[in-house]
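Chain and residue survey
Residues per chain are reported as follows:
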Amino acid sequence: MTQVFAYAAFVGLLLASASAQAQLSGDAVKIGVLIDQSGIFADMSGKGSIAATELAVEDFGGSVLGRKISIVTADHQNKPDLASSMARTWVESEGVDVLVDITNSAVALAVQSFAKSRGVVALHSSSATTRLTNEDCSPTGFHWTLDTYSQAVGSARAVVAQGGKKWFLLVADYAFGHQMAADLTREITAQGGVVVGSARHPSGSTDFSSYLLQAQQSGADIIGLANGGGDTITAIKQAGEFGLTQAGQKLVGLVMIINDVHAMGLENAHGLLATTAFYWDRNDESRAFSERFERRVNRKPNMMQAGVYSAVLHYLKAVQAAGTDKGTVVAKKMRELPVNDFFAKNGRLRADGRHVHDMYLVEVKKPSESQQPWDYYKVLRTIPADQTVIPLAESKCSLVK
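Below or above, wherever it landed, is the structure these notes cover.

1. Digging into the packing of aromatic side chains
- Enumeration over the complete set of coordinates arrives at 9 aromatic pairs.
- Here the aromatic rings of Phe289 and Phe342 are separated by 4.3 Å at their centres, their planes lie at 20°, and the arrangement is stacked. Of the two residues, Phe289 is situated in helix α11 (residues 284-297) and Phe342 in the loop between α13 (327-336) and β12 (348-349); the sequence distance between them amounts to 53 residues. Taken individually, Phe289 and Phe342 each receive the classification buried, so the pair is uniform in this respect.
- Considering the side-chain rings of Trp374 and Tyr376, the 5.7 Å spacing of their centres and the 40° angle between planes classify their relative orientation as tilted. Like Tyr376, Trp374 is buried.
- Grouped by ring-pair contacts, the aromatic residues Phe278, Phe289, Phe293, Tyr309 and Phe342 constitute a single cluster.
- Over the ring of Trp280 we find Lys300, and its NZ or CZ is 4.3 Å from the ring centre.

Structure representation (structure tokens):
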């Protein structure tokens, strides 16, 4: 009789295991990292986002629910149509279960629309438009690291409070820049400041002279850079050449990453203010991850790449807890689980897909203040999580209603 019970229990375990396996599509849980690998946002994402994904998979153990975790990557060249086509091929022909990072706001919106139609999880880290969790929100879409609201609120409140009330905005002419300018204008006005002018520029500009001349003639105290990547670096360098900062105008990098500071050097970048979701030298956990990351790519991680790690790790935890890689089920489980890692403590995912976590106001150090390579930021203050996201009461996301 004991043998019969033992046999029955063994069969039960096999059936349970088979059932769990049956909940997984294909022979692996496949992660697709869809990023800019060759354009102006390559430093923002690129090989660093791939390395962050690899580290998350390794730290999770390399497999989930008895299946291997595999990674595929592609360069979308900042073309929404190409990115959507790649995502479709991955999902429909290659069994990709989750789309990761998705640099560039216009690309991210296009890919999110496709992923939503297929019930595929999309983890956005490098894109910044609030539309991803507002008008264009998705049950399977998550915005992890930053958005235009978090960058506008964090920087604008601090700068206006310090007396920088007259702003000129230099705006990237696509979805991200437009939304950033709108968020900035609203916040600056709410804090008692004024936007005295603005200029839009195409992505990938090499000559900012006409835009900087407008800023110089505007009488603004602050020039807000509502752009990112190579555009931010070029604008800051040329502003120095034009003598704007020497004449007393102050630059605020609204989506400035540590790679930008490294490229410019502290001689050009010191004194810049920015809001960041992550700084490698903040505590022991962030330093430990950053040392491992640097061994792979020869540089410290920026906030987007750290966010990729956090998002991928949380996704894998949700797959494990849900017992399936079905996108809609995993997305629900992701919202139920708290986010706790070196990137975010007690982070949470709202109904609209926004990851809510603390952020930090930083100032770029003077060369004399830096003690080692990549020692670039002074953390001025922590911005509480609830101040970094659009209040749900103002949301246009259908999932919130």
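2. As for the pairing of strand β8 (residues 194-201)
- Examined bridge by bridge, strand β7 (residues 166-172) and β8 share 7 bridges and lie parallel to one another. Bridging from a neighbouring strand, Ala172 pairs with His201 of β8.

3. As for the side chain of Ser126
- For Ser126, the location among the structural elements is in the loop between β5 (121-124) and β6 (141-143).
- Residue class for Ser126 comes out buried when judged on its relative accessible area of 5%.
- Only 2.6 Å separates the side chain of Ser126 from the side chain of Asp101, close enough to count as a polar contact.
- In this view, Ser126 contacts Met44, Ser45, Asp101, Thr103 and Met304; residues no more than four positions away in its chain are not counted.

4. With respect to the sheet that holds strand β1 (residues 28-35)
- In spatial order, the strands read β2-β3-β1-β4-β5-β6; together these 6 strands make up an open sheet with mixed pairing. Since the sheet does not close on itself, it has two edges, and those belong to β2 (63-64) and β6, each with one partner.
- Judged from the 4 bridges that link them, strand β4 (residues 96-101) and β5 form a sheet pairing that is parallel. Bridge pairing links Leu99 to Ala122 in β5.

5. Some points on unusual backbone geometry
- For Asp101, which is not glycine, the phi torsion reads 75° and is therefore positive.
- Backbone geometry places Trp374, a non-glycine residue, at a positive phi of 70°.
- Checked against the element boundaries, Trp374 lands in the loop between β14 (359-364) and β15 (377-383).

6. Focus on the state of the cysteines
- Enumeration over the complete set of coordinates arrives at 1 disulfide.
- Sulfur-sulfur distance for the disulfide between Cys137 and Cys397 comes to 2.1 Å. Across the S-S bond linking Cys137 and Cys397, the dihedral sits near 90°, which makes this disulfide right-handed. With a gap of 260 residues between them, Cys137 in the loop between β5 and β6 and Cys397 in the segment after β15 connect regions that are remote in the sequence.
- Residue Cys137 is classed as buried on the basis of its relative accessible area of 3%.

7. A word on the environment of Arg287
- Along the chain, the position of Arg287 falls in helix α11.
- By relative accessible area, which is 26% here, Arg287 ends up partly exposed.
- A C-alpha to C-alpha distance of 21 Å links Arg287 and Lys366, two positions 79 residues apart in sequence.

8. Quick look at the pairing of β7
- Most of β7 is tucked away: 6 of the 7 residues are buried.
- With helix α6 (residues 175-190) bridging β7 and the parallel β8, this β-α-β connection has right-handed handedness.
- For β7 and strand β9 (residues 222-226), the ladder comprises 5 bridges, and the chain directions are parallel. Its bridge partner lying in β9, Phe168 is registered against Ile223.

Reading guide: rules and limits
- Residues numbered from 1 in each chain as written.
- Predicted model: local features only at pLDDT ≥ 70, side-chain atom pairs only at ≥ 80, totals over all residues.
- Heavy atoms only, no water.
- Phe/Tyr/Trp six-rings, centres within 6.5 Å; stacked < 30°, edge-to-face > 60°.
- Helix = DSSP H or I, 4+ residues; strand = E, 2+ residues; numbered from the N terminus.
- Buried < 20%, exposed > 50% of the residue type's maximum accessible area, 1.4 Å probe, protein only.
- Lys NZ or Arg CZ within 6 Å of the ring centre and 35° of its normal.
- Pairing = 2+ DSSP bridges.
- Polar contact = N/O pair within 3.5 Å; in protein donor to acceptor, adjacent residues only side chain to side chain.
- Contact = heavy atoms within 4.5 Å.
- Disulfide = S-S within 2.5 Å.
- Right-handed = clockwise from strand over helix to strand, strands pointing away.

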